[in-house]
Amino acid sequence: MTNEPMHPISHQQRERAVLVGIEQAASAYPVETSLAELARLADTAGADTVGTTAQRMTSPHPKTFVGSGKAAQIAEMAETLHADVVIFDDELTPSQQSNLERIVGRDVKVMDRTALILDIFALHAKTREGRLQVKLAQNEYLYPRLRGMWAHLASNRMGGGVGSRFGEGESQLEVDRRMVRKRITSIKRELAHLERIRSVQREGRYESGIFKVALAGYTNAGKSSLLNRLCAAEVYADDKLFATLDSTTRRLVLPEGREITISDTVGFIQKLPTTLVEAFKSTLEEITHADMILHVIDASSEDHLMQVEAVDEILGQIGAETIPRIEVFNKSDLLSAQQREVIALRHPHAVQVSAATGIGCEALIGRVAAAAAAADTVMQVLIPYTRGEVVSLAHKRCRILSEEHTVEGTVLEVRVPAGLMPAFSPYERAN
Ligand SMILES: Nc1nc2c(ncn2[C@@H]2O[C@H](COP(=O)(O)OP(=O)(O)OP(=O)(O)O)[C@@H](O)[C@H]2O)c(=O)[nH]1
Ligand SMILES: [Mg+2]
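Residues numbered from 1 in each chain as written. Chains lettered and ligands numbered in written order. Predicted model: local features only at pLDDT ≥ 70, side-chain atom pairs only at ≥ 80, totals over all residues. Heavy atoms only, no water.

Novice: Is there a simple way to think about the packing of aromatic side chains in this case?
Specialist: Taken as a whole, this structure holds two aromatic pairs when the rule is applied. Relative to phenylalanine 88, the ring of phenylalanine 65 has its centre 5.6 Å away and its plane inclined at 85 degrees; by these criteria the two rings are edge-to-face. One end of the pair, phenylalanine 65, is in the loop between β2 (47-56) and α2 (68-80); the other, phenylalanine 88, is in strand β3 (residues 85-88), with 23 residues separating them in the sequence. Their ring planes at 85 degrees and their centres at 5.3 Å tell us that phenylalanine 121 and phenylalanine 280 sit as a pair that is edge-to-face. With a gap of 159 residues between them, phenylalanine 121 in helix α4 (residues 113-124) and phenylalanine 280 in the loop between α9 (274-279) and α10 (281-288) connect regions that are remote in the sequence. Both residues of the pair, phenylalanine 121 and phenylalanine 280, count as buried. One cation-aromatic arrangement involves arginine 145 over tyrosine 141; the distance from NZ or CZ to the ring centre is 3.8 Å. (Phe/Tyr/Trp six-rings, centres within 6.5 Å; stacked < 30°, edge-to-face > 60°. Helix = DSSP H or I, 4+ residues; strand = E, 2+ residues; numbered from the N terminus. Buried < 20%, exposed > 50% of the residue type's maximum accessible area, 1.4 Å probe, protein only. Lys NZ or Arg CZ within 6 Å of the ring centre and 35° of its normal.)

As C-alpha cells, then:
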C-alpha cells in the first residue's frame, strides 16, 4: 500500500483543511502572509480552508512542531470543524508527523507544506521528464517517512495501541524501504538519460551561439503570459499556483532581425522544498544555462518585495546569481499611476510591463536586444556565393550593419555573438 507515493488530497471531492503556522521572529514572511499562501496552495490541490491557527515560537518543537498544548487544541479544532486534513506550513520531520497523527486522530490526515506542493506538482506535471522529476521528489520525501507511516498504520489497526502487528509492519518496512530506494535509483537513471538528450540538443547546431533568455520568478507572476505575449506563443497560463512545471523554449525575432530564444519554466515559492529544487535540476538548467534572466515579478501583489527576495535566494541556490538579470515588474495594468511611479523610483533599472495589455513589452525587448548585442564583436566578412548558408546564418543570428554584393561574394559588416565567431572567422577580411 505504500508502493506508490501517496496523493494526500483527494482530487474528486474537495476536502476541508485546517492550516497551522508558526510565527518566528527571524522569518522574512509574516505568518499571516505565509498562511494565506498556504491556503492558495491548498485550494489549488483541492482543499477549502476551514480554519487557521498559529503559534509564536523561536523554533519548532522537536516532538510536535507546535507545543503540546497547541497540538491538543489543533486536534480539537479539527474535530469541531469536521476537517479532513491538517496542513502544517513548514516541513515536518518524520517523527513530528507521526506524533501529530497520533494526537490529531486517525480520521484526519496530517501533512506538511512540502507534501502539499508535491501533490500540486504531481497534479500539474505533463511531460515524461516533469513526471519523473516529481516522482523522484515524492520518493525522496517518502523514504525517511516510511517508518512513521507503518507505525501509524499498525497503531490504527490495533485501535490506538501499538501491538503485535507492529513487528509485521517493521519487516514490511524493510521491504518497502528497499523498493523505494530501488525506485529512486531507476528514476535517477532515466532522468540522467533524458538530461543527456537535452544537453545534446542544447549544444546542437541551432542552439550554439544563440542568445538565451530565461524567465524566472515567483509562481503566478505571469511568466507564461509574458512568454505568450513576447513570442505570440500559446503556453498554458492560469491563475493558479504552479501552472507551469515543464519548460518551454520559444524563438523570438528581435526587431533588428536577430533570433534569440526565451524559456519559460517552473515558478518559485518561499520555502520551496529542497527535494524539489534538486529533482528539478534539469528543468532549472534552462535558467542556469541562460545568457540572461528576466526576473518576472507580480507588481500587483502586496507581497512582491518578499517574493523577490525568495526568488533571489533560490537563484543563488541553483548557482544563477552571476547571470545578468533584468527585473520585470509585470501586471502594471493593475497598478495606479502613483504605484507605478513608486516602483520606478525604487527600482530604476527595472522594466514595467503588462503581459495582459502589452504595455512596456517593446521597451523590454529593447533592453534584451541591447544585452544580446553587448557581447558581440563587429566583423567584416566576405562570403562567397557558394556559401549562402553562412549569409543566412548572419541574417538570422547576428545584427547586420551593412551588406553589399560584389563580384567575389557578399560583403557584410556584422555584429557577431561570441559563440558564432568560429562560423565567420574563415571569411574575415583584413582591413
Ligand atoms: N491583469 C494582469 N494579469 C496578468 C498579467 N500577466 C499575467 N496575468 C495573470 O496572472 C495569472 C498567472 O499568470 P501565468 O502566466 O500563468 O503565471 P506564471 O508565472 O507562469 O505562473 P506559474 O506557471 O504558476 O509559476 C494568470 O491568471 C494571468 O492571466 C498582467 O500583465 N496583467
Ligand atoms: Mg507558468
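Novice: Would you mind showing me how to read the nonpolar core here?
Specialist: Nonpolar side chains tend toward joint burial in soluble globular proteins. Of all hydrophobic cores here, the largest spans 59 residues; its most connected members are Leu41, Ile87, Phe242, Ile287 and Leu315. Setting aside anything within four residues of it in sequence, one finds phenylalanine 242 in contact with Leu41, Ile117, Ile120, Phe121, His124, Thr219, Val266, Gly267, Ile269 and Leu272. Counting residues in hydrophobic clusters, the runner-up holds 26 residues, among them Leu230, Ile260, Ile262 and Ala355. (Core = buried A, V, L, I, M, F, W, Y, C linked by side-chain atoms within 4.5 Å. Contact = heavy atoms within 4.5 Å.)

Novice: Please clarify how the sheet that holds strand β11 (residues 377-383) should be interpreted in this entry.
Specialist: The pairing of strands in a sheet happens through backbone hydrogen bonds and is either parallel or antiparallel. Spatial ordering of the open sheet is given by β11-β13-β12, a layout of three strands whose pairing is antiparallel. Pairing within the sheet leaves two strands with one partner each, and these edge strands are β11 and β12 (399-405). The mean inter-strand angle of the sheet, taken between neighbouring strand axes irrespective of direction, is 15 degrees. The pairing of β11 with strand β13 (residues 410-416) spans seven bridges and is antiparallel. Across the sheet, residue isoleucine 383 finds its bridge partner in β13, namely threonine 410. (Pairing = 2+ DSSP bridges. Axes fitted to C-alpha atoms, helices over the stretch in contact; angles between N-to-C directions.)

Novice: What should I look at first to understand the sheet that holds β2 in this one?
Specialist: Read from one edge to the other, the open sheet built from four strands follows the order β2-β1-β3-β4, with strand pairing classed as parallel. For this open sheet the edge positions go to β2 and β4 (109-112), each flanked by a neighbour on one side alone. Direction aside, neighbouring strands of the sheet carry axes that sit 25 degrees apart on average. Relative to the sheet, helix α3 (residues 94-104) contacts β3 and β4, its axis offset from that of β4 by approximately 145 degrees.

Novice: In this structure, what is going on with the site of ligand 1? I would like to understand it.
Specialist: Lining the immediate surroundings of ligand 1 are 23 residues, of which Lys223, Ser225, Ala243, Thr244 and Asp333 lie closest. Interatomic distance of 2.7 Å between a side-chain N/O atom of lysine 223 and an oxygen atom of ligand 1. At a separation of 3.2 Å, an oxygen atom of ligand 1 approaches a polar side-chain atom of serine 354. Protein chains shield 86% of the accessible area of ligand 1, which is 650 Å² for the free molecule. Among the residues making up the shell around ligand 1, the classes are represented as eight nonpolar, nine polar and six charged. (Near = heavy atom within 4 Å. Polar contact = N/O pair within 3.5 Å; in protein donor to acceptor, adjacent residues only side chain to side chain. Areas by Shrake-Rupley, 256 points an atom, 1.4 Å probe, with all protein chains shown as cover. Nonpolar A, V, L, I, M, F, W, Y, C, P; charged D, E, K, R; others polar.)

Novice: When you look at the confidence of the model for the chain in this model, what are you seeing that I'm missing?
Specialist: Regions with low pLDDT should not have their predicted coordinates read in detail. Overall, the predicted model of the chain reaches an average pLDDT of 86, with 88% of residues at or above 70. Confidence over residues 1-5 falls short of pLDDT 50; this stretch has 15 contacts with residues more than four positions distant or in other chains. In the model, residues 156-167 has pLDDT below 50 throughout and makes twelve contacts with residues more than four positions away in sequence or in other chains. (pLDDT = per-residue confidence, 0-100.)

Novice: Could you clarify how one ought to interpret the side chain of threonine 114 in this entry?
Specialist: Within the secondary structure, threonine 114 is located in helix α4. Setting aside its immediate chain neighbours within four residues, threonine 114 contacts Glu91, Tyr141, Pro273 and Thr275.

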